[in-house]
Amino acid sequence: MMEEIENAISTFKEEQRLVYEELMKEEKTVMNEITALEKKIETWMLDNSAAERGYRLPSGKAAVDKVMVSNLPKEVLEFEKFLQQTGGRQGGWDDYDHQNFLKVLTKQKGKLVYLEEALEYLPGRTKEDIQQHEKWYQEFLFLEERKKESVQTWKVKKMQEKEELLLEHEKSKEVLESECLARIEAQKEKMEEERRRQQEKLEAWKQKKELEAAEKQAAQRKEEEEKEKRQKQERHRQLEVKLLVEEYTRQRKKQEKFLRLKRQLQEEAEREERQRCATAGICKFQERDFHKLELKAQNKQAKEEELAEKEKRLSKLKEKGCSIMETRFIAEKSEHTAHVKCFKIFGQ
């Protein structure tokens, strides 16, 4: 029973450890999302600045951006859309004009009261351009501030979700602790009940052993009487077996003598058979050798006939006035034909 309680406690600890690890993973995920969002916003800001200078992002990065758009707050998307539609963080102006515009605006404490002064710093720009750029800049500041507030709100929301998870964990921990205590109490009651049951079994076992001991003594006396009786019967049986063994031994010796004589006769017959087979084999080998000699004689005769035929052809060619090269060619061909015929004879 103690082992079961220890197992229950170990199980509870393991469950708590798993819950804690799960919460740590969730916390890490939330923090990673916040960090990724912040880096994403910063990256977009840099990308927009680069776009104003004519720099274009690789297609691979653009594909990754599309995947992460759905995870951004609405205000962030609106701000980025505004930048893309109006020419980036400088409103489509180059860096020189925009910085001069900011200097005049700062000098006038955020209001362009003197457009003439602004025109002096911005050669090539009209009053309408400056007024439109000021309007754009005011909207830019408004949307940027709203984006920052949205990001801060998103962070707060994530932290609240984390706190809710921790609170839920604490509640589940209390429930698990109460359930564990209840299981331990139930185990104690079960152990006490088991102890009483084991005590009752022990008493019954003692009574049973006493009865078995009495029965064993009676059975032992009876066994001794039976044993003496069996010993007498065994001595009588052994005497009968001894007589049977002696008779069996005599019969076996006779049988072995008969088998030995029979085996000798079989061996003699096998020797005669082997001698007969050896004689037949010698005759077979002699016949094969004679056949080989006959083939050699035929081969020799065939060669002689071919040579005679060859000489006959050469004589005819000489009579007809053939050239020396033609004569040599025909001679070599005849010799080759003779070799082929010899090879066929040997193959047969």
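The structure under discussion appears in the preceding block.
A few points on the structure.

Thresholds applied
- Residues numbered from 1 in each chain as written.
- Predicted model: local features only at pLDDT ≥ 70, side-chain atom pairs only at ≥ 80, totals over all residues.
- Heavy atoms only, no water.
- Core = buried A, V, L, I, M, F, W, Y, C linked by side-chain atoms within 4.5 Å.
- Buried < 20%, exposed > 50% of the residue type's maximum accessible area, 1.4 Å probe, protein only.
- Helix = DSSP H or I, 4+ residues; strand = E, 2+ residues; numbered from the N terminus.
- Contact = heavy atoms within 4.5 Å.
- Phe/Tyr/Trp six-rings, centres within 6.5 Å; stacked < 30°, edge-to-face > 60°.
- Salt bridge = Lys/Arg side-chain N within 4 Å of Asp/Glu carboxyl O.

## Regarding the nonpolar core
When a protein is soluble and globular, its nonpolar side chains tend to lie buried together. Among the nonpolar cores identified, the biggest contains 15 residues, and F82, F101, I130, Y137 and F140 are the most heavily contacted of them. Elements with a contribution of two residues or more to this core: α3 (74-86), α4 (95-107), α5 (115-121) and α6 (127-320). The biggest single contributor to this core is α6, with 5 residues. Contacts of F140, omitting those with residues within four sequence positions, involve F79, F82, L83 and R89.

## Some remarks on the packing of aromatic side chains
Scanning the model with the defined rule gives 7 aromatic pairs in all. Aromatic side chains W93 and F101 sit 5.9 Å apart centroid to centroid with 75 degrees between the ring planes, which places their arrangement in the edge-to-face category. Judged by its relative accessible area of 8%, W93 is buried. Using a relative accessible area of 1% as the deciding quantity, one classes F101 as buried. Where W136 meets F140, the ring centres are 5.3 Å apart and the plane angle is 20 degrees; that geometry is what we call stacked. In this pair, W136 and F140 are both assigned in helix α6, 4 residues apart and thus about one turn of the helix distant.

## Focus: the pattern of salt bridges
In total, this model carries 17 salt bridges according to the counting rule given. As a salt-bridge pair, E234 and R237 come within 2.3 Å of each other at their nearest N and O atoms. Here R237 and E234 lie together in helix α6, a separation of 3 residues that amounts to about one turn. A residue is classified by how much of its surface remains accessible, and R237, at 42% relative accessible area, is partly exposed. The salt bridge involving E256 is made with R252; its shortest N-O contact spans 3.3 Å. Of this pair, E256 and R252 both sit in helix α6, 4 residues apart, which is roughly one turn of the helix. A relative accessible area of 45% places R252 in the partly exposed class. Here the salt bridges share partners, and the residues they tie into one network are E192, E193, E194, R195, R196 and R197.

All we've got here are geometric facts, nothing functional implied.
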